[in-house]
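These are the residues of each chain, in order.
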Amino acid sequence: MKKILGITALLALVCIITAILSEGFLSGYNIENLARRTALLGIISIGVAFVIITGGIDLSVGSVVCLVGCGLPWLLTKQNWSMPAALAAVALVSVGIGIFHGVIITKLRIAPFVVTLCGLMMYRGIARGFTQDQTVGFGGEFTGLRTLATGQISIPFVDGFTLPAPCVFLLVAALLAAIFLNRTIWGRYMLALGRNEEAARYSGINTDRMVIVAYVICSALSGLGGMLYVLDSNTAQPVDFGNFYELYAIAAAVLGGCSLRGGEGTIVGILVGAALIMVLRNMIMLTTNYTNIEFAIIGAVLLIGVIADELVKRYAMRRRAARALLAETKPS
Amino acid sequence: MSAPLLEVRKLSKSFPGVRALKGVSIALQPAEVLAVIGENGAGKSTLMKILAGVQRPDSGAILMNGAEVEIRSVHDALARGIALIHQELNLADNLDVASNIFLGREPLRGGLVDTKRIRREARKFLDAVGLDVDPATLVGTLPIGCQQLVEIAKALSVNARVLIMDEPTSSLSAGEAEKLFKVIHDLRSSGVSVIYISHRLGEVKKLADRVTVLRDGENAGDLAREEISHNGMVKLMVGRDISQFYPHEPHTPGQIVLEVAGIRTPAHPGHALSFTLCAGEIVGVAGLVGAGRTEMLETLFGVTPALGGTMLVAGKEIAPRSPLEAIGVGLALVPEDRKRQGVILEMTVRDNVSLASLRKDQRAGFRNGRRERELSAEMIGSLRIKTPHDRQIVQFLSGGNQQKVVLGKWLALRPRVLFLDEPTRGIDVGAKQEIYRLMEELAREGVAILFVSSEMEEILGMSDRALVMHEGRITGELARAGLSDEAVMRLATAGEKVAA
Ligand SMILES: Nc1ncnc2c1ncn2[C@@H]1O[C@H](COP(=O)(O)OP(=O)(O)OP(=O)(O)O)[C@@H](O)[C@H]1O
Ligand SMILES: [Mg+2]
């Protein structure tokens, strides 16, 4: 808990500053939008966090979002598949990609960076191929399905704000992920093998299987994210749909306390990290005309965030040592 | 007497929750071998790390030749002629032996590393410690005992005036240790002072000119050359008498629980290994470093699956292809390399102790938190692990206490067959007794124990039977009646002359 205090404070600070600088920030419409965007980013960030916790990395997240985001409308409108068949197909493809990555990484011992970098190129390429680079979308149809992403859930006694449907997906995913990570033996196994894979294996942990599970969780949540993104936006352009999302997701996970060395991370932290990124984007959009410097700002905040985190950690270490000294010397 | 070469006055150092050193003083004369001993967690390594510039003291002074000095970094220490051989290996696995020896001090030629010269010079230092490997071998491929020798060769290569050795023999067997003692004698004759840390009191008696004993971060006393005795040292270390006695009683072996027939390890595929192990029996495995003892245990435990042969556990044939499968039939292995295979350094004591038992104690996939707390409390108690609480990160425990955490993890599983690879490595006398007593108790309960040890006394003291290995083969089996120093050495060298 203590670990995410700093980032939560930073989030609050950015929110306050934005609220002061721009009246629009606190409007019900803006908050709803922000919540929806945060939920979508949060879902794929949780996925990538599992991979990071096992000491790996997944660069293909954005391309899986693209593949699913283009594939679903393409199957439904261009190929005229039935809705269950199309949904099953994108789910299978997402899970299949995770298995594919995990198996290559564990059985052939190829670096995750390389495997998923190739994935990043392949899946977008495939999406651009079958759509022939044409924008795909639902047109005016499938409104029922689209409410999964566009739906609003009114909250009793609250006026002017309704909860966007993706938030429900996020809450469920976060809850399940937190239970998995903190309460099940598999969660502990992932944390352990992220720290020291060899010792984990000696302790009777099927490390290969756990790594594969992590990549499957990641790709499955990327697929879910891709589906919700396209249901939300109605159309998808294969060239740039989901572009750089893997970087946003990794940044959210790192801001939220995941160490790229593995073995560390909390689900709440990741959610705060995702929220921080979306609020920053929102701030830039509302208060400046230069949305194109967005990356520079997010990059700088990320860097400052991790540096501050490290400094606070060192300071706390020293404080604790000094306190121990005091406690020991006093009674004598 | 003139001012000592190196003197430490009232040095203190605290870590979160622990005061490791509380005003310790030591003095080192020129051309002297000073042994520093004490129980696990007494503060020995911390003191040495401060001298070597790895850590900074909170208060106190360090003097060299009577003048106060400040040692700010490892570089500082080396410049003053102080070199430390760490308790934990600090080699780069991915570099070769020669590059490791000269890491950070590479001689250049035309701006590039002079590889030829490095290899040639390295050969010299390897010969000095009696290690016969090609300087171009990757360090990661060497067994841990050889890595330890590389570490020593590396320390020799800096031409230190003060050479600190923190448990250099903990993974060496008698033969290699002998070579090291000779190196130490030579160093002393050439005027180098050595600070020697060890839990093997026999060695200390043989080597030391003087002994300084630490207890709980304080000076517990000094012993001059003629005062050094096993009992004297133990009394100062633990504050009470502990007999040197091995608590061994002969066991009546029960049913055969492990039958190994013609197993071939990937490391020595040319040799088939066969032996049996009975319930309630303690069998020692002796041999020199590189005899293939660790490789044998790893194959039996499924880490490196066997290339052939059969293995029966309680009459059922198995061929474990992973530790998971081996654990499933009741095997457990306390591995040799604790930092890599034993503990997860960044996790807590509790999480480490419970790690292997999670599967057994699970409730439909969920962890059993209460059981984890019970287990860790039980192991901290019965193994006397010195830790402020069970949420302490293992990295911050002393070496010996980390070893106890590894033992605890495997004992928590209640195995049927327990493989121990150097189980008392780096463990103090008091705790060794505890572990021996524990082995006895387990054997009495019917656990079959196979333990690899490089300490001859331990093999002689604890085994009902001993297997001796040499270059990947089992060269002989000795019943307790026939167990002797000479018999073991003869088989361990397979008739070759012991190089000494
Ligand atoms: N970095 C650290 N952070 C917290 N505590 C530490 C740290 N390093 C050492 N300690 C604690 O300081 C005490 C002394 O440790 P030290 O490693 O010096 O013991 P030692 O005498 O070398 O023991 P051993 O014989 O087991 O190697 C121990 O209680 C240990 O847990
Ligand atoms: Mg030590």
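What you see is a predicted model; the values in this text were computed from it and never measured.

Reading guide: rules and limits
Residues numbered from 1 in each chain as written. Chains lettered and ligands numbered in written order. Predicted model: local features only at pLDDT ≥ 70, side-chain atom pairs only at ≥ 80, totals over all residues. Heavy atoms only, no water. Pairing = 2+ DSSP bridges. Helix = DSSP H or I, 4+ residues; strand = E, 2+ residues; numbered from the N terminus. Axes fitted to C-alpha atoms, helices over the stretch in contact; angles between N-to-C directions. Contact = heavy atoms within 4.5 Å. Donors = N, O, S within 2.8 Å, 3.2 Å for Na, K, Ca; no water. Buried < 20%, exposed > 50% of the residue type's maximum accessible area, 1.4 Å probe, protein only. Right-handed = clockwise from strand over helix to strand, strands pointing away. Near = heavy atom within 4 Å. Polar contact = N/O pair within 3.5 Å; in protein donor to acceptor, adjacent residues only side chain to side chain. Areas by Shrake-Rupley, 256 points an atom, 1.4 Å probe, with all protein chains shown as cover. Domains from an automatic or database assignment. Salt bridge = Lys/Arg side-chain N within 4 Å of Asp/Glu carboxyl O. Buried area = accessible area lost by both parts, 1.4 Å probe. Nonpolar A, V, L, I, M, F, W, Y, C, P; charged D, E, K, R; others polar.

(A) A look at the sheet that holds strand β20 (residues 448–452) of chain B. Residue and element names in this part refer to chain B. Strand order in the open sheet made by the 6 strands is β18-β19-β20-β15-β21-β22, with mixed pairing throughout. Looking at which strands have only one partner, the edges of the open sheet turn out to be β18 (331–334) and β22 (473–479). Ignoring strand direction, the axes of neighbouring strands in this sheet form an average angle of 20°. In this sheet, β22 lies alongside strand β21 (residues 465–470) in antiparallel orientation, the contact comprising 6 bridges. If you follow Val468 over to β22, its bridge partner there is Gly476. In the packing of helix α15 (residues 399–411) onto the sheet, contacts are made with β18 and β19 (417–421), and the angle to β18 comes to roughly 180°.

(B) Fine view of the sheet that holds strand β16 (residues 308–313) of chain B. Residues and elements named next belong to chain B. In spatial order, the strands read β14-β13-β16-β17; together these 4 strands make up an open sheet with antiparallel pairing. Each edge of the sheet is formed by a strand with only one pairing partner; in this case those strands are β14 (273–278) and β17 (316–318). Ignoring strand direction, the axes of neighbouring strands in this sheet form an average angle of 20°. As judged from the 3 bridges shared by β16 and β17, these two strands associate in the antiparallel manner. In the sheet register, Val313 faces β17, and the bridge partner there is Lys316.

(C) View of the coordination of the magnesium ion (ligand 2). Residue and element names in this part refer to chain B. Coordination of the magnesium ion (ligand 2) by the protein comes from Ser45 (OG) and Gln87 (OE1), over a distance range of 1.9 to 2.1 Å. You can see Ser45 sitting in helix α1 (residues 44–51) and its partner Gln87 sitting in the loop between β6 (82–85) and α3 (97–101), a full 42 residues away along the chain. The exposure class assigned to Ser45 is buried, which follows from its relative accessible area of 17%. Its relative accessible area of 11% is what places Gln87 among the buried residues.

(D) Main features of the pairing of strand β10 (residues 193–197) of chain B. Residues and elements named next belong to chain B. Judged by how many residues are buried, β10 sits mostly within the fold: 5 of 5 residues are covered. Both faces of β10 are covered, namely the face carrying Ser193, Ile195 and Ile197 and the face carrying Val194 and Tyr196. Pairing between strand β3 (residues 33–38) and β10: 4 bridges, direction parallel. Directly across from Ala35, in β10, lies its bridge partner Tyr196. Across 5 bridges, strand β9 (residues 162–166) lies against β10 in parallel orientation. The partner of Ile164 across the bridge, within β10, is Ile195. Following the chain from β9 across helix α6 (residues 174–189) to the adjacent parallel β10, one finds a crossover that is right-handed.

(E) Broad picture of the site of ligand 1. All names here are of chain B. The local shell around ligand 1 holds 19 residues, among which Ser45, Thr46, His199, Phe396 and Gly400 are the closest. At 2.9 Å, a side-chain N or O of Gln87 approaches an oxygen atom of ligand 1. Within the backbone of Gly400, one N or O atom sits 2.7 Å away from an oxygen atom of ligand 1. Summarising the interface, the protein chains cover 93% of the accessible area of ligand 1, which totals 640 Å² for the free molecule. Sorting the residues of the shell around ligand 1 by element identifies β2 (18–28), α1 and α15 as the ones contributing at least two each. Top element by residues in the shell around ligand 1 is α1. It accounts for 3 residues. Counting residues domain by domain, the shell around ligand 1 receives three or more from each of domain 1 (6–238) and domain 2 (256–494).

(F) Quick look at the pattern of salt bridges. Enumeration according to the criterion identifies 36 salt bridges over all chains in this entry. Put simply, Arg210 of chain B and Glu32 of chain B hold a salt bridge, and the shortest N to O gap is 2.7 Å. Taken together, the positions of Arg210 of chain B in strand β11 (residues 210–215) and Glu32 of chain B in the loop between β2 and β3 put the pair 178 residues apart, joining distant regions of the chain. Each of the two residues, Arg210 of chain B as well as Glu32 of chain B, counts as buried. With its nearest N and O atoms 2.8 Å apart, the salt bridge here joins Arg465 of chain B to Glu281 of chain B. Taken together, the residues Arg465 of chain B in strand β21 and Glu281 of chain B in the loop between β14 and β15 (282–287) connect sequence positions 184 residues apart. An identical accessibility class is assigned to Arg465 of chain B and Glu281 of chain B; each is buried. Via salt bridges that share partners, Arg188 of chain A together with Asp351, Arg367, Glu372 and Arg391 of chain B belong to a single interconnected network.

(G) Spotlight on the interface of chain B and chain A. Facing the 37 residues of chain B at the interface are 26 residues of chain A. Of the roughly 2800 Å² buried at the junction of chain B and chain A (both faces included), carbon and sulfur atoms supply 59%. When the area that chain B buries against chain A is broken down by residue, the three leading residues are Pro16, Arg19 and Arg367 of chain B, summing to 22%. Where chain B meets chain A, there are 2 salt bridges. Across the contact surface, chain B and chain A share 12 residue pairs in polar contact (both at pLDDT 80 or more). Listing elements by their share of the side of chain B that touches chain A, those giving two or more residues are β1 (6–15), β2, α10 (323–328), α11 (338–342), α12 (349–354), α13 (358–361) and α15 of chain B. The dominant element in the side of chain B that touches chain A, judged by the number of residues it contributes, is α11 of chain B, at 4 residues. Looking at the side of chain B that touches chain A residue by residue, the classes come out as 19 nonpolar, 7 polar and 11 charged.

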